[in-house]
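# Observations on chain architecture
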Amino acid sequence: MVGDKIMTPPIQDVKKKHEARLMSLPGVVSVGIGRDPQGNPAVIVGLDSPRSETQARIPPQLDGYPLLIQIVGPLKAQ
Amino acid sequence: MEKELFNLKGVLQENRNQLLARTNVVATGIGFKASVGKKTPILSIICSVVQKLPSSKLSPREMIPSTIGGLPTDVVQTGRLRAFQSHTARYRPAPGGISIGHKDITAGTLGCLVKKGGEFFILSNNHVLANSNAAQVGDPILQPGPYDGGLIANDHIANLEAFVPISFTGGASGCSTARGVADFLNSVARVLGSDTRLRAITTQAEDNLVDAAIARPLNPADVKDEILEIGPLSGVGSGTLGMAIKKSGRTTGLTTGEIQQVDVTSTVQYGDNKTALFTDQLMAGAMSQGGDSGSAVLDTQNRLIGLLFAGSENSTIINRIEHVFSALGVSR
C-alpha cells in the first residue's frame with residue numbers, strides 16, 4: 001500500500017516513542033536500530049537471557065517496522 | 001599418512017634452506033595442497049611467500065619447483081610475517097592498543113592520542129583512567145596497567161587530566177556517590193581558589209553518551225601517535241549502520257567487526273552493582289573482552305569513529321567519537 005509508506009514515521013521516532021516502555025521490561029538491556037535478515041530497517045531489542053514472559057510482551061512489529069529480539073547477554077564495562 | 005609425513009619432513013629438512021634463500025619465501029611447512037582455492041587430500045611442501053607472482057615475473061632461481069624430491073609443492077601468499085606483538089608489555093614510546101590503567105584499577109586499553117590546546121593527551125575510558133569517577137584529577141596512570149605488572153615507580157606514564165563523570169542508576173544509593181564527592185570537592189576547590197585540581201571535570205545528564213577520560217603524558221616523547229598492529233590514524237569519521245570496523249586492544253589484539261545497530265540505548269553494568277544508562281551508542285558483534293575497554297574503533301580507512309567501552313559475549317558497545325570529542329573538548 002503506497003499510502004502506508006507515506007504514513008510511516010521515521011524509524012528513529014518510532015524507536016524513541018517506544019524505547020522507555022521496552023527498556024522497562026524485565027531483562028531488556030538494549031534497544032537500537034539495525035536491520036532484519038532481509039535488510040529492512042528494524043528496531044532490535046536486546047535481552048540479557050532468554051525470557052519467555054518478556055518475549056511474549058514484545059510484538060513482532062512496531063508502527064510498521066519489524067521488531068526483533070536478540071539475546072545479547074548482560075552488557076558489562078570491559 | 002604417518003609414513004608419508006615422515007618422508008615429507010625429511011625432504012623439507014633437506015631443502016628448507018635453499019627454499020628460504022629465495023627472496024619471496026618467508027616460511028616453509030607441510031600441509032594439504034590447495035587446488036583452485038580448494039583443499040585437496042594431497043600432502044605437500046608449502047612455501048609461504050610475500051606475494052604470489054606469475055612464473056613469467058620470476059627468474060628461474062626464484063621459482064619454486066612444482067615437485068621437490070618427488071613430492072608436490074604448494075605456494076601460498078601470507079605477506080610478510082611479523083613477530084606477535086604483545087599488547088600487555090611496557091612500551092616507550094607507547095602507541096594505542098596497549099595496556100594502561102589508573103593506579104587503582106586492573107587494566108584497560110590506551111585508545112589513541114587526541115589534541116587539546118595543541119598538546120597530545122592519552123584517550124581511554126573513564127573506568128580505565130579515572131576508576132569510574134573515583135579518581136582525582138592528577139592521579140597517576142600506569143603503562144602497563146597494574147594487572148599487567150605496572151608499578152608507580154617504573155611505569156608512571158601520565159596523570160589523569162579530565163574525565164566525563166558517569167551517571168549511575170543502579171546500586172543502593174540510587175545516585176552516584178562518587179559524583180556527589182566530585183561536586184563536593186569541586187565546591188571546596190572553588191572556596192580554596194584552587195581552580196586547577198578539578199576544573200576539568202565536566203558533567204553529563206542522567207543519560208550517558210560517553211565513558212571517556214584523558215591523561216597528560218609526563219613526557220610527550222613517551223607516547224606515539226599510532227596504534228599497535230594498525231598504524232597511524234588517517235582522520236575522523238562517523239559510524240553508520242553496516243560499516244566495517246576494527247580495533248586494537250589489550251586483551252584480544254586486532255579484531256574486526258561490523259556496526260550492527262545504531263542509536264542504541266543500553267544499560268551497562270559496572271562493578272559493585274552499579275549500572276549506567278547510555279544513549280546514542282553503536283553496537284557491533286563480538287570483537288572485545290574485558291581489558292579491551294578504551295580501544296579506539298576505526299573504519300577500514302583508519303578513520304577514528306568510536307571508543308569501545310563495554311560488551312557481552314556476542315556484542316560490543318561503542319561511544320560515538322563525536323560525543324567523546326565534544327564532551328572532553330578534544331580533537332585530532
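A few points on the structure. Per-chain numbering applies: the sequence of each chain, read as written, is numbered from 1 onward. Working convention: letters from A go to chains and numbers from 1 go to ligands, in the order in which they are written. Since the coordinates come from a predicted model, pLDDT governs what is reported: local features require at least 70, and pairs of side-chain atoms require 80 or more to be given and counted, while whole-chain, interface and lining totals use all residues. To get the side-chain values, all heavy atoms of the structure are used, and hydrogens and water are removed first.

### Quick notes on the overall build of chain B
The criterion, for reference: Helical segments are the DSSP runs of H or I of at least four residues, strand segments are the runs of E of at least two, and each set is numbered from the N terminus. In this scheme, a residue with accessible area under 20% of its type's maximum is buried, one over 50% is exposed, and one in between is partly exposed, where area comes from a 1.4 Å probe on protein chains only. Contact criterion: two residues are considered in contact whenever any of their non-hydrogen atoms come within 4.5 Å of each other. Each accessible area value is a Shrake-Rupley result obtained with a 1.4 Å probe; residue values ignore everything except the protein chains displayed when judging cover.
Secondary structure assignment for chain B yields 5 helices and 20 strands. Every one of the 332 residues in chain B was classed for burial, and the buried ones make up 50%. If you take every contact in chain B between residues at least 6 apart in sequence, the share linking residues at least 24 apart comes to 66%. Working note: accessible area of chain B is about 15300 Å², and carbon and sulfur atoms make up 52% of it.

### Let's talk about the overall build of chain A
A count of helices and strands for chain A gives 3 helices and 5 strands. Helices and strands in chain A line up, N terminus first, as α-α-β-β-α-β-β-β. Along the first, second and third principal axes, the C-alpha atoms of chain A reach 45 × 25 × 20 Å. Looking at chain A residue by residue over its 78 residues, the buried ones come to 42%.

### Describing unusual backbone geometry
Leaving glycine out, the prevailing phi sign among residues is negative, and the prevailing peptide bond configuration is trans. Residues and elements named next belong to chain B. Of note, the amide linkage connecting Arg92 to Pro93 takes the cis form, showing an omega dihedral of 0°. If you trace the backbone, Pro93 turns up in the loop between β4 (71-77) and β5 (94-96). Between Gln143 and the following residue, Pro144, the backbone shows a cis peptide bond with an omega angle of 0°. Inspection of the secondary structure puts Pro144 in the loop between β10 (140-142) and α3 (152-155). Unusually for a residue other than glycine, Asn131 sits at a positive phi of about 50°.

### A word on the sheet that holds strand β6 (residues 99-102) of chain B
Residues and elements named next belong to chain B. Quick note on the threshold: Pairing between strands is defined by DSSP: at least two bridges between the two strands are required. In this description, a line fitted to the C-alpha atoms serves as the axis of each element, helices being fitted only across the stretch in contact, and the angle between N-to-C directions of two axes falls anywhere from 0 to 180 degrees.
Pairing is antiparallel in the open sheet, where 7 strands are placed in the order β7-β6-β10-β11-β12-β9-β8. Strands with a single pairing partner mark the edges of an open sheet, and in this sheet they are β7 (108-109) and β8 (112-116). Pairing analysis gives 3 bridges linking β10 to strand β11 (residues 156-163), with the strands arranged antiparallel. Within β11, the position partnered with Leu142 by the bridge is His156. Each of β8, β9 (119-124), β11 and β12 (213-217) touches helix α5 (residues 321-328); the most contacted strand, β9, lies at about 125° to it.

### Concerning the nonpolar core
One recurring pattern in soluble globular proteins is that nonpolar side chains are buried together. Cut-off, in case you're wondering: The criterion is simple. A nonpolar core is a set of buried Ala, Val, Leu, Ile, Met, Phe, Trp, Tyr and Cys residues joined through side-chain atoms within 4.5 Å.
Counting residues in each nonpolar core, the largest one holds 27 residues, and the members touching the most others are A:Leu22, A:Val28, B:Ile245, B:Ile259 and B:Ile305. Ranked by residues supplied to this core, first place goes to helix α2 (residues 11-23) of chain A with 4 residues.

### Notes on the interface of chain A and chain B
Rules: Accessible area that two parts lose when put together, evaluated with a 1.4 Å probe and summed over both, is termed the buried area. By definition here, a salt bridge exists when the distance from a side-chain nitrogen of Lys or Arg to a carboxyl oxygen of Asp or Glu is within 4 Å.
At the interface, 22 residues of chain A touch 29 residues of chain B. For the chain A face of the interface with chain B, the top three residues by lost area are A:Leu75, A:Ala77 and A:Gln78, together amounting to 40%. Linking chain A to chain B there are 1 salt bridge. Taking the shortest distance from any N to any O, the salt bridge between A:Lys15 and B:Asp263 comes out at 3.2 Å.

### A word on the pairing of strand β16 (residues 253-270) of chain B
Remember that side chains alternate between the two faces of the sheet whenever the strand is regular. Of the strand pairs in this sheet, strand β1 (residues 28-35) of chain A and β16(B) are connected by 3 bridges, and their pairing is antiparallel. Looking across to β16(B), one finds that A:Ile33 is bridged to B:Val262. Here 6 bridges tie strand β15 (residues 244-249) of chain B to β16(B), and the two strands are oriented antiparallel to one another. Paired with B:Lys246 across the bridge in β16(B) is B:Thr256. When β16(B) meets strand β17 (residues 274-284) of chain B, the two strands line up antiparallel, connected through 8 bridges. The partner of B:Ser266 across the bridge, within β17(B), is B:Phe278.

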